[in-house]
Amino acid sequence: MSEADDSAFQRGAGTNPSPLSQPAPPPKPVVAFNRKELDTILRLYGRMVADGEWRDYAMDLLKDKAVFSVFRRTSEMPLYRIEKDPKLSRRQGAYSVVGAGGMILKRGHDLAQVLRVLEKKKHLRVVDA
């Protein structure tokens, strides 16, 4: 082997690139709640925990939607799911609240307005005077 051949071999000329040196494909985007949305959801969650209604939550960040699930007990099915689906943002609204049976309780463009379906209603009582 001559000096020219040796230097060409050291530079990698004539060799196949290893599969490890190829750039990795970019990661697929994931839908998530932003800070403002999470703040709105967690404020409601905090009030409901303080009232003893809810006890646990879970967040799932999927490629097509983000889901915030609310549980009464950890071992049960979720009471409610708060979903963000950007594909529906132009039509029905990106946000929805889904009940335990899978029925959509409320859907819309404004998260605060959609979450009002979960807040307790103030009941009026007749008081004897």
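It should be noted that the structure appears before, not after, this text.
Residues numbered from 1 in each chain as written. Predicted model: local features only at pLDDT ≥ 70, side-chain atom pairs only at ≥ 80, totals over all residues. Heavy atoms only, no water.

**A closer look at the overall build of the protein chain**
The secondary structure content of the protein chain amounts to 3 helices and 5 strands. Order of helices (α) and strands (β) in the protein chain, N terminus to C terminus: α-α-β-β-β-β-β-α. Considering only contacts within the protein chain whose residues lie at least 6 apart along the sequence, 30% involve residues at least 24 apart. Summed over all atoms, the accessible surface of the protein chain reaches about 10100 Å², with 53% contributed by carbon and sulfur. (Helix = DSSP H or I, 4+ residues; strand = E, 2+ residues; numbered from the N terminus. Contact = heavy atoms within 4.5 Å. Areas by Shrake-Rupley, 256 points an atom, 1.4 Å probe, with all protein chains shown as cover.)

**Brief notes about the environment of Ala32**
As for its position among the elements, Ala32 is in the loop between helix 1 (3-11) and helix 2 (35-50). Residues Ala32 and Asp64, spaced 32 residues apart in sequence, show a C-alpha to C-alpha distance of 9.4 Å. In contact with Ala32, other than residues within four places in its own chain, are Glu37, Leu61, Ala66 and Lys84.

**Topic: the nonpolar core**
With 19 residues, the main nonpolar core has Ile41, Trp54, Phe68, Ile82, Leu115 and Leu118 as its most contacted residues. Contributing elements (two or more residues each) for this core: helix 2, strand 2 (66-71), strand 4 (95-98) and helix 3 (111-115). It is helix 2 that provides the largest number of residues to this core, a total of 4 residues. The residues contacting Leu118, other than those within four sequence positions of it, are Leu44, Met48, Trp54, Tyr80, Ile82 and Val97. (Core = buried A, V, L, I, M, F, W, Y, C linked by side-chain atoms within 4.5 Å. Buried < 20%, exposed > 50% of the residue type's maximum accessible area, 1.4 Å probe, protein only.)

**Points about the pairing of strand 4**
The two faces of strand 4 match: Tyr95 and Val97 on one face and Ser96 and Val98 on the other face are all buried. The pairing of strand 3 (residues 80-84) with strand 4 spans 4 bridges and is antiparallel. Its bridge partner lying in strand 4, Lys84 is registered against Tyr95. Pairing analysis gives 4 bridges linking strand 4 to strand 5 (residues 104-108), with the strands arranged antiparallel. When the bridges of strand 5 are listed, Ser96 appears paired with Arg107. (Pairing = 2+ DSSP bridges.)

**Focus: the packing of aromatic side chains**
Inspection of the entire model under this criterion finds 5 aromatic pairs. Members of the aromatic cluster, each reached through a chain of ring pairs, are Tyr45, Trp54, Tyr57, Phe68 and Tyr80. (Phe/Tyr/Trp six-rings, centres within 6.5 Å; stacked < 30°, edge-to-face > 60°.)

**Some thoughts on helix 2**
Spanning 16 residues, helix 2 covers 22 Å between terminal C-alpha atoms, matching the ideal 22 Å at 1.5 Å per step. All of the buried residues along helix 2 are Glu37, Ile41, Leu44, Tyr45 and Met48. For helix 2, the arc enclosing every buried residue in end-on projection is 100°, short of the 170-degree limit, so these residues lie on one face. Seen from the open side of helix 2, the exposed residues pointing more than 90 degrees away from its buried face are Arg35, Lys36, Arg43 and Ala50. Here helix 2 starts with a cap whose side-chain oxygen sits 3.2 Å from the backbone nitrogen of Lys36, and that cap is Asn34. (Expected span 1.5 Å × (residues − 1). Arc of directions from axis to C-beta. Polar contact = N/O pair within 3.5 Å; in protein donor to acceptor, adjacent residues only side chain to side chain.)

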